[in-house]
Amino acid sequence: MEVKARAPGKIILSGEHAVVHGSTAVAASINLYTYVTLRFSTPSDDQDSLKLVLKDEGLEFSWPTNRIKQEFPESSAEPQSPAPPSCSVESAKSIASLVEGLNIPEAKIAIASGVSAFLWLYTSIHGFKPATVSFTSELPMGSGLGSSASFCVALAAALLACTDFVSLDLKQQGWQSFQEKQLDLVNKWAFEGEKIIHGKPSGIDNSVSAYGNIISFKSGSMTHMKANTLLKMLITNTKVGRNTKALVAGVSERMLRHPDAMAFVFSAVDSISQELTLILQSPASDDVLSVTEKEEKIGELMEMNQGLLQSMGVSHVTIETVLRTTLKYKLASKLTGAGGGGCVLTLLPTCFVVEKVVAELESCGFQCFTAEIGGKGVELTLRCHLDLSLLSGRITVGD
């Protein structure tokens, strides 16, 4: 059986940075995906190794199953419990040993943490079974669009789909979703993968990628919501890397220097997030005037949020260039994520022709994507090459 999973990226619609200081933030999935294809080897393949193919990077890595057995002698064919363990110190050392021998180009050394997460997730779920796992993504790495979380969620979904904990509807064609309990399981495993990549992630990125739609979060509490308003965004990648830790620290330092003023800033951001969630959840309408009014309100909230982010000191010259360019076309924009570079969101009104503004932004050296927000979370599809009775008796996804 060949399993293919896809998991969406994410954007922060409002509340970045302020959420650290108790304000509400709102994140949404976007229809840009990471795709994972998993195929276990058969005797006719004559392949006794685990192979990882990163198509976008033009890289391929392989580990003989005997080598994996040496590093993980206690590993079994399938996990004994559906709940994921945390990566132990011993496992981390074993993974490091497997990664150290790889010839990863210096320019792409950042992917080493992703390879480590892959090895931990794979060996924790399927031990040393020979297989080929291929990745491709529509999300740029390190740009604040949740590429690593999308990677972990798609991988966890594909791996778990081939266990007794999550099963497939073999008759269904096309993409299929998971039941809620099974989504919870995928999300928990993906979060452990995110820990290997980031150390102490918030869990927001993988949750948005797993469940889709919109998530409101405040003081560690997450609320899942379904948007009734279809929004389309232009996402501009400035291609400027940012130091998230330094940006977060800078906002905290500004809070210490100007506590009263910054308290008002964070309170205003909270109000923007609250109003935004109400608009997004309001009943959908086919009336053009009603749709236009909603879009105008959301655009105004985005502009206000951007002004507050500028007052926090997290903008950047490239972000300001995007803002000036899109304003020429009377479009509302704001940074998304940490700022200091990264990506900028621009709300695209219904029927807006985007080609001219995209051409102007790309002439500045930026990368542009268009995306709809608030869609489905992780999904999978499959093609069966083996005896289907091997999967008989399992719970069907979507029952």
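An unreviewed UniProt entry lists the chain under the name Mevalonate kinase, with Arachis hypogaea given as the organism. A UniProt comment under Pathway (unreviewed entry) is attached to the chain, and it reads "Isoprenoid biosynthesis; isopentenyl diphosphate biosynthesis via mevalonate pathway; isopentenyl diphosphate from (R)-mevalonate: step 1/3." Among the UniProt annotations of the chain, the heading Subcellular location (unreviewed entry) holds the following wording: "Cytoplasm".

Student: How should I be thinking about the layout of surface pockets in this particular structure?
Tutor: To find the voids left in a structure, one rolls a probe of water-molecule size over its atoms. When its volume is computed, the second largest pocket comes out at roughly 400 Å³. Forming the boundary of the second largest pocket are 21 residues, of which Leu230, Leu231, Lys232, Glu295 and Thr350 lie nearest the centre. At the level of elements, α9 (288–312), β10 (343–348) and β11 (367–372) are the ones that each hand at least two residues to the lining of the second largest pocket. Ranked by residue count, the leading element in the lining of the second largest pocket is α9, at 4 residues.

Student: Teacher, can you tell me more about the pairing of strand β4 (residues 59–64) here?
Tutor: Two faces, one strand: in a regular strand the side chains alternate between the faces of the sheet. Alternating positions in β4 separate cleanly, Leu59, Phe61 and Trp63 being buried on one face and Glu60, Ser62 and Pro64 remaining unburied on the opposite face. Across 6 bridges, strand β3 (residues 49–54) lies against β4 in antiparallel orientation. Within β4, the position partnered with lysine 51 by the bridge is serine 62. In this structure, the hairpin formed by β3 and β4 is closed by a connection of 4 residues, where glycine 58 is found at a positive phi of approximately 65°.

Student: Mind showing me how you'd approach the pattern of salt bridges here?
Tutor: Under the defined criterion, the tally for this structure stands at 11 salt bridges. In this structure, glutamate 71 and arginine 67 form a salt bridge, with 3.4 Å as the shortest nitrogen-oxygen distance. Of this pair, glutamate 71 and arginine 67 both sit in helix α1 (residues 65–71), 4 residues apart, which is roughly one turn of the helix. Residue arginine 67 is classed as partly exposed on the basis of its relative accessible area, which comes to 28%. Between glutamate 379 and lysine 376 there is a salt bridge whose closest N-O contact spans 3.9 Å. Residues participating in the shared-partner salt-bridge network are Arg6, Lys376 and Glu379.

Student: Just to check I follow, could you spell out the UniProt feature "domain: GHMP kinase C-terminal" (unreviewed entry) in the chain for this structure?
Tutor: The UniProt record annotates "domain: GHMP kinase C-terminal" (unreviewed entry) at residues 296–361. Taken end to end, residues 296–361 is 53% helix and 15% strand, and its two terminal C-alpha atoms sit 23 Å from one another.

Student: Explanation requested: the packing of helix α4 (residues 147–160) against helix α5 (residues 180–198) in the structure shown.
Tutor: Each pair of packed helices gets described by two things: the angle between the helix axes and the distance between those axes. Orientation of α4 relative to α5, taken along the N-to-C sense of each, is 135°, at an axis distance of 8 Å. Taken together, the axes of α4 and α5 lie oblique to each other. In this structure, the crossing between α4 and α5 has a hand that is right-handed. Only Leu185, Val186, Trp189, Ala190, Gly193, Glu194, Ile197 and His198 of α5 make contact with α4, whose side of the interface consists of Ser148, Ala149, Cys152, Val153, Ala156, Ala157 and Leu160.

Student: So what exactly am I meant to see when it comes to the environment of methionine 255 here?
Tutor: Take methionine 255: it is sitting in helix α7 (residues 244–257). Distance from methionine 255 to histidine 224, taken between C-alpha atoms, is 30 Å for residues 31 residues apart in sequence. Sequence-distant contacts of methionine 255, defined by excluding residues within four places in its chain, comprise His21, Met262, Ala263 and Phe266.

Student: Where do I start with the UniProt feature "domain: GHMP kinase N-terminal" (unreviewed entry) in the chain in this structure?
Tutor: Taking the UniProt record as the reference, the feature "domain: GHMP kinase N-terminal" (unreviewed entry) is found at residues 126–212. The span residues 126–212 carries 48% helix and 8% strand; its end-to-end C-alpha distance comes to 26 Å.

Student: Explain the sheet that holds strand β8 (residues 232–237) here, please?
Tutor: Picture the strands of a sheet paired through backbone hydrogen bonds; they go either parallel or antiparallel. With antiparallel pairing, the 4 strands of this open sheet are ordered in space as β9-β10-β8-β11. On the outer flanks of this sheet lie β9 (333–336) and β11, each paired with one strand and no other. Recorded for the sheet is a direction-independent mean angle of 30° between the axes of neighbouring strands. Helix-sheet contacts for helix α11 (residues 355–363) involve β8 and β11, and the interaxial angle to β8 is about 15°.

Reading the values: the criteria
All residue numbers refer to positions counted from 1 along the written sequence of the respective chain. The predicted nature of this model means local features are confined to residues of pLDDT at least 70 and side-chain atom pairs, given and counted, to a pLDDT of 80 or more, with totals for whole chains, interfaces and linings taken over all residues. With hydrogens and water excluded, all non-hydrogen atoms of the structure serve as input to the side-chain values. UniProt positions are given in the numbering used here, feature names are shortened, and annotations may be inferred rather than shown by experiment. Method remark: on a 1 Å grid restricted to protein atoms, a set of points is classed as a cavity if a 1.4 Å probe fits but cannot get out and as a pocket if it is open with protein on both sides within 12 Å along at least five of seven lines; lining residues have an atom within 4 Å of a point. Grid points are joined across faces, edges and corners, and a volume is the space filled by probe spheres set on the points. Note on conventions: DSSP H or I runs of at least 4 residues are helices, E runs of at least 2 residues are strands, and numbering of each starts at the N terminus. Under the scheme applied here, a residue whose accessible area is under 20% of the maximum for its type counts as buried, over 50% as exposed, and between as partly exposed, the area being computed with a 1.4 Å probe on protein chains only. At least two DSSP bridges between two strands are required for those strands to pair. For this document, the term salt bridge refers to a Lys or Arg side-chain nitrogen within 4 Å of an Asp or Glu carboxyl oxygen. To get an axis, a line is fitted to the C-alpha atoms, and for a helix only the part in contact is used. The angle between two axes follows their N-to-C directions and goes from 0 to 180 degrees. Small angles under 35 degrees read as roughly parallel and large ones over 145 as roughly antiparallel, with 65 to 115 read as roughly perpendicular and the rest as oblique. Two helices cross in a left-handed way if the nearer one is turned anticlockwise from the farther one by less than a right angle. They cross in a right-handed way if the turn is clockwise. The contact criterion used throughout is that any non-hydrogen atoms of two residues lie within 4.5 Å.

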